Amino acid sequence: AAVSGVSYGNSVVARYREDGRPWASCVLRKGGEPGDTEVIFSITEGPVVRISSLDFTGNTFVSAAVLKHRINSGAMFFGLAIGGTFNPALLEHDASQLLKYYREFGYHDVRISRELNYATDGRTVAVVFHINEGVRYRLEGKPQVVGYKSGPVEAVEAITKVRENEFYDQKSIDVDLARIKNYIGYGGREVRVMAEPTLVKDKAGFVRVSYQVQEEAPARVGPIMIIGNERTKQQVILRQLPLYPGQVLTYPDVRQAEANLQRLGIFETSPDGSVRPTVSVVNDPFNPDSPLKTIRVDVSETSTGSLMFGLGVNSDAGFTGSVVLNERNFDILRYPTSLEDAISGNAWRGAGQEFRLEAVPGTQVQRYMVS
């Protein structure tokens, strides 16, 4: 079969550009005709291009230093061929990130363009972001809540904090959205709340914001299902959940349960939050409209033990050594029932207790502690 030279060539060139080679090219020399038995591409890599400088013009709201922290591209390190790899797709993403940043603060008319000034040898490029901020919009009137039907809308509007004539600020609006979601969620209703800004045509520099509410029918807690706890006792996890079968399902407590489980320090958690204990609400697959919702808890157990050694010298205490054994998921009643139980690490673990054994022998002072 014939090879699509354009498709493969574009993929190869795109990969080279990710590595900072914007002058790369790829041409199909053989393999594009029916009956060809081999495929040959002719590739010109071109040099790696680096960003020599990265500047901003037209920005008065914040400094260039602040804007540089909002993008992913960076310049070379003190003019050396270190860092600052030029990636056109990444610069495009940076421009969209800057647009998003400005609009979060009410600059809805902001325009951003990029200027690329290549050196004569084509190995470096100076990047300039030209920013036309435009006017910063204010709120025309207090935001109105739309779509709330399970109670008086005045009660929901009373808990919001954003006021009329303030500058549009996405963070303040997000706080209002969270307040509304929690208020309705404590009544057993899952809710989605979105802010919809609308420019005021007859009043320049002003925007109206409405909080759009979509509610679901009230729900109650059904069975609680825990997945992933191989060592940890179920009761250790259950006591972190402020949810009980039969009670009104308070949705803010679902998020609180996740925070409680993460705080235990015995389950896998990544710094970016992509890996963490999760608590989710699941509908009955045989009766999706049932008010009883299954609570599913997913955890992944992590290493909870540590053994540390130390050595020190002190003018008063002389030479000291230290051995510290610590276990964050200890179980004083789970003694080993077999050799395999002891080797696998399941013995003495699973109750969420903390065990610490500390021995500090020394020439002048000795300290031993078990807790």
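Residue positions within a chain follow its written sequence, with the count starting from 1. Reporting of local features is limited, given that this is a predicted model, to residues whose pLDDT is at least 70; pairs of side-chain atoms are given and counted only at 80 or more, and all residues count toward the totals for whole chains, interfaces and linings. Hydrogens and waters are ignored; side-chain quantities use all the structure's heavy atoms.

Undergrad: Where do I start with the nonpolar core in this structure?
TA: Nonpolar side chains in soluble globular proteins tend to be buried together. The definition of a nonpolar core used throughout is a set of buried Ala, Val, Leu, Ile, Met, Phe, Trp, Tyr and Cys residues joined through side-chain atoms within 4.5 Å. Residue burial is assigned from relative accessible area. The probe radius is 1.4 Å, only protein chains are included, and a residue is buried under 20% of its type maximum, exposed over 50%, and partly exposed in between. F56, L67, Y102 and F129 are the most contacted members of the largest nonpolar core, which has 21 residues in total. Of all the secondary structure elements, the ones that give two or more residues to this core are β3 (50-57), α3 (88-104) and β5 (124-132). The element that contributes the greatest number of residues to this core is α3, accounting for five residues. Throughout, a residue-residue contact means that at least one pair of heavy atoms, one from each residue, lies within 4.5 Å. The residues touching Y102, leaving out its near neighbours within four places in the chain, are N59, F61, V62, L67, Y107, V110, I131 and E133. The next biggest cluster of nonpolar side chains, apart from the first, holds 18 residues, and it includes V236, I237, I266 and V299. Secondary structure elements follow DSSP: runs of H or I no shorter than four residues count as helices, runs of E no shorter than two count as strands, and numbering proceeds from the N terminus.

Undergrad: Is there a simple way to think about the packing of aromatic side chains in this case?
TA: The geometry of an aromatic ring pair is captured by two quantities: the separation of the ring centres and the angle between the planes. Stacked, edge-to-face and tilted labels apply to pairs of Phe, Tyr and Trp rings (six-membered ring for Trp) whose centres lie within 6.5 Å, assigned for plane angles under 30 degrees, over 60, and everything in between, in that order. Under the counting rule described, the total for this entry stands at eleven aromatic pairs. Ring plane angle 55° and centroid distance 6.2 Å describe the contact between F61 and Y102, whose orientation is recorded as tilted. On the criterion of sequence distance, the pair formed by F61 in the loop between β3 and α2 (64-68) and Y102 in helix α3 is long-range, its members being 41 residues apart. Y102 sits in the buried class, given a relative accessible area of 0%. Between Y101 and F105, the aromatic rings sit 5.3 Å apart at their centres with planes inclined by 65°, giving edge-to-face as the arrangement.

Undergrad: Hey, could you run me through helix α7 (residues 251-264) in this one?
TA: A turn of α-helix holds 3.6 residues, and therefore any two residues three or four places apart point the same way. Compared with the 20 Å implied by 1.5 Å per residue over 14 residues, the 21 Å span of α7 between its first and last C-alpha is a close match. Turning to α7, its buried residues are Y251, P252, D253, V254, A257, E258, N260 and L261. Considering only its buried residues, α7 is in contact with α5 (170-185), α6 (234-238), β11 (278-282) and β12 (292-298). Looking at the residues trailing α7, positive phi occurs at G265, about 75°. The length a helix should cover is 1.5 Å for every residue beyond the first.

Undergrad: Mind showing me how you'd approach a nonpolar patch on the surface here?
TA: Residues L307, F309, V323, L325, L357 and V370 make up a contiguous nonpolar surface patch of roughly 550 Å² in combined accessible area. Among the elements of the structure, β13 (305-314) and β14 (318-330) are those that each provide at least two residues to the nonpolar patch. Taking relative accessible area as the criterion, F309 reaches 62% and is therefore assigned exposed. Like-charged residues within 9 Å of one another, or nonpolar side chains (Val, Leu, Ile, Met, Phe, Trp, Tyr) within 5 Å, are grouped into patches, provided each residue has over 30% relative accessible area and no salt bridge. Using a 1.4 Å probe, the Shrake-Rupley method yields the accessible areas, and only the shown protein chains count as cover for residues. Salt bridge, as used here: a side-chain nitrogen of Lys or Arg that lies within 4 Å of a carboxyl oxygen of Asp or Glu.

Undergrad: I would appreciate a short explanation of the sheet that holds strand β10 (residues 220-227) in the present structure.
TA: Following DSSP output, two strands are said to pair if at least two bridges run between them. The mixed open sheet is built from three strands, whose spatial order is β10-β12-β11. Of all the strands in the sheet, just β10 and β11 have a single pairing partner and so form its edges. Averaged over all adjacent pairs, the angle separating strand axes in this sheet is 25°, with direction ignored. As judged from the five bridges shared by β11 and β12, these two strands associate in the antiparallel manner. In the strand pairing of β12, V282 is matched with T294. Across the face of the sheet, α7 comes into contact with β11 and β12 while running at roughly 150° to β11. All axes here are fitted lines through C-alpha atoms, helices being fitted over the stretch that makes contact, and every angle between N-to-C directions spans 0 to 180 degrees.

Undergrad: How do you make sense of the side chain of D253 when you look at a structure like this?
TA: Mapped onto the elements of the fold, D253 is located in helix α7. Here D253 sits buried without a salt bridge, and the closest side chain of opposite charge, R255, lies 8.5 Å off (N-O distance). Identification of polar contacts relies on pairs of N or O atoms within 3.5 Å, with a donor-acceptor requirement for protein atoms, meaning one able to donate a hydrogen and the other able to accept it, and with residues adjacent in sequence counted only if both atoms are side-chain atoms. At 2.6 Å, the side chain of D253 forms a polar contact with the side chain of T250. When neighbours within four sequence positions are excluded, D253 is seen to be in contact with Y186, P242 and L243. This count recognises Lys and Arg as positive and Asp and Glu as negative, with His and chain-terminal groups excluded.

Undergrad: Mind showing me how you'd approach unusual backbone geometry here?
TA: In most cases, non-glycine residues show a negative phi, while peptide bonds are predominantly trans. For N165, which is not glycine, the phi dihedral falls at a positive 75°. Inspection of the secondary structure assignment puts N165 in the loop between α4 (153-158) and α5. Exposure remark for N165: the relative accessible area of 43% places this residue in the partly exposed category. Of note in this structure, W348 is not a glycine but carries a positive phi near 60°.

Undergrad: Help me understand α3, please; the structure alone is not making it clear to me.
TA: Here α3 spans 25 Å end to end across 17 residues, near enough to the 24 Å set by a 1.5 Å rise per residue. What α3 keeps buried is the set L91, D94, A95, L98, Y101 and Y102. Axial view of α3: buried residues confined to an arc of 125°, hence all on one face. More than 90 degrees from the buried face of α3, the exposed residues found are A89 and K100. Of the surrounding secondary structure, the elements contacted by the buried residues of α3 are β3, α2, β4 (111-118) and β5. Where α3 begins, the side chain of N87 points an oxygen toward the backbone nitrogen of A89, at a separation of 3.1 Å. Phi for G106, located one or two positions after α3, is positive at around 95°. Taken from the helix axis, the directions to the C-beta atoms give the arc we talk about.

Bear in mind that shape data such as this cannot, by itself, settle questions of function.
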